[in-house]
Amino acid sequence: MGAHVESFKIGTNDFLRKVATLWNRAHSSPPEGDHILRIPFSMPLPEDAPPSFGFESFMNVAYVRYALEVTGVRTGTFAVDRTIKVPIVVVTPDPLGAALRAELKLGWQGDWGRVKAEERMRKMPWGDYSTVKMELLVPHLDTFPLFTPIPYSIVITTVSAPTKRKGLAQPQKEIFPPVPRSASEIDFDLRRHVDLQTPYFPSNPEEHVTDIISKAHAPVPPVDVDITDYMWVPVEGKEDKGCWVQEATFSSSMILRYTPTFLTEEIKTKYLLQLRVEFPGMGNTLRLDFPIQIGSGLESSMPVDEHSMSPMMIDVPSAYWDPSKWVDQ
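Note that the coordinates shown come from a computational prediction; the quantities given were computed from them, not determined experimentally. (Residues numbered from 1 in each chain as written. Predicted model: local features only at pLDDT ≥ 70, side-chain atom pairs only at ≥ 80, totals over all residues. Heavy atoms only, no water.)

Q: I tried to follow the packing of aromatic side chains on my own but got confused; where do I start?
A: The geometry of an aromatic ring pair is captured by the separation of the ring centres together with the interplanar angle, meaning the angle of the planes. In this structure the tally under the stated criterion is five aromatic pairs. Look at Y152 and F188: their rings are 5.2 Å apart centre to centre, the planes differ by 65 degrees, and that puts the pair in the edge-to-face class. Taken together, the residues Y152 in strand β8 (residues 150-159) and F188 in strand β10 (residues 186-197) connect sequence positions 36 residues apart. A relative accessible area of 2% means that Y152 is categorised as buried. With a relative accessible area of 0%, F188 lands in the buried category. Ring centres of Y230 and W244 lie 6.2 Å apart, and the angle between their planes is 70 degrees; on these two criteria the pair is classed as edge-to-face. (Phe/Tyr/Trp six-rings, centres within 6.5 Å; stacked < 30°, edge-to-face > 60°. Helix = DSSP H or I, 4+ residues; strand = E, 2+ residues; numbered from the N terminus. Buried < 20%, exposed > 50% of the residue type's maximum accessible area, 1.4 Å probe, protein only.)

Q: Would you mind showing me how to read a nonpolar patch on the surface here?
A: A contiguous nonpolar surface patch, about 710 Å² in accessible area, is contributed by L22, W23, I39, F41, M43, L68, V70, I84 and V86. Counting only elements with at least two residues in the nonpolar patch, the list comes to β3 (66-72) and β4 (82-88). Here I84 lies in strand β4. A residue is classified by how much of its surface remains accessible, and I84, at 43% relative accessible area, is partly exposed. (Patch = residues over 30% accessible without salt bridge, like charges linked within 9 Å, V, L, I, M, F, W, Y side chains within 5 Å. Areas by Shrake-Rupley, 256 points an atom, 1.4 Å probe, with all protein chains shown as cover. Salt bridge = Lys/Arg side-chain N within 4 Å of Asp/Glu carboxyl O.)

Q: What am I meant to see in the pattern of salt bridges here?
A: Two side chains of opposite charge can pair, provided their charged atoms sit close to one another. Applying the stated criterion across every chain, the model contains eight salt bridges. A salt bridge links R287 to D289; the nearest nitrogen and oxygen atoms lie 3.0 Å apart. The class of R287 is partly exposed, set by a relative accessible area of 47%. Under the relative-accessibility criterion, D289 is labelled partly exposed at 29%. A single network of salt bridges, built from pairs that share partners, joins D189, R191, E206 and R276.

Q: Can you help me understand the pairing of strand β2 (residues 60-64) in this one?
A: For a regular strand, the rule is simple: side chains alternate between the two faces of the sheet. Counted residue by residue, β2 has four buried out of five residues, so it is predominantly covered. Looking at chain direction, strand β1 (residues 53-57) and β2 are connected through five bridges and run antiparallel. The partner of F55 across the bridge, within β2, is A62. Here β1 folds back onto β2 in antiparallel fashion, the turn holding two residues, of which M59 has a positive phi close to 70 degrees. (Pairing = 2+ DSSP bridges.)

These figures capture arrangement, not role.
Dropping the structure here:
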C-alpha cells in the first residue's frame, strides 16, 4: 500500500481591494536635481474591517493580511511593469479605548475589576487543611487599550491549618502554605482563544500570547512586592488555638501590543489573563482566569517610520511581513 496522504483545503476571503491611479507622466516630475518623486495619498478603509492578525498551530493557520501593492507602468516595447507589495498593519478604530487610554496615562482613578480564587490544601495526604486565597485586580475597563501601561495587583493570602500558640510567640519557622516571596514564583500570562470556522469542523485552539510574569525571566517592568508579618487569628473562645495568616501583594503594570479582539464569519478571538501559583505538596496549584477585551485605543491613523515602528506596532508572526509566503487563490 502506498503512504497515507492528508490533504488540506486553504480558504481565503478577499474582502477588500481598492485600486487608484496615483500618478502619470503628464502630471508632475521629480524636482530638478532629484530622481525621487514623492506622492502623498490616503485611502479610507471600512470601519468594520478586521484588524491585522496571524495565528499558527498544528493543523490551524489563520491570517488577516493587508498590503499596499504599487505597480509602475513602464513604457517601451520590451519594458516590463514593476510591482512591489508592502505589508501594512490595520487596527479597528476605538474611540472608547482612546478615552480610557488617556485616563490610564494620568494614573487610574476609577473602579477596579476583581476576580478571586480560593483552595484548601495540605502538604501531606493527612492532617488538617490550610487555605490559600488569591485575588487579581485590574482597572474596570470595557476594553483594554494598546501601547499603554495598565496597572495590576496580585494579592495572595495564606491561612495555616489550626494550630496552638504559646503566649505571644511568633512562628520560628515558615508556616505552610508559604506565600510567594518573589515574582519568580508566579506565572501570569495573556492567552488567546481563536475560534476558526474551518472547511472540516469548527476549531477553538488556545495559544499562549505573552508572559506578564514568568519564572523564566525577570518581568518588565519590575514588580513591587509587599509581604506582611504573620498575623494570629484565634479560634473563637480559644486564644491559644487558631491560624497564622500572611499576605503578599505584587504590583506592576502591563503593556499590550497584540491584535485587538475581533469577530468575523471565519475567525473569532477571545483573550484572558491567566494567573497560576504553585505551593509545596502534590497538586497544590491555585489558578484563576480573567477574560478581557482588547481594543486599539486609537481613533485615527498613525504615521509610522523607522523610529516609531517598534513602540507602536502590534505583534504579528514574522510571516506576515513576507508577501512571498502569502497564499493567493
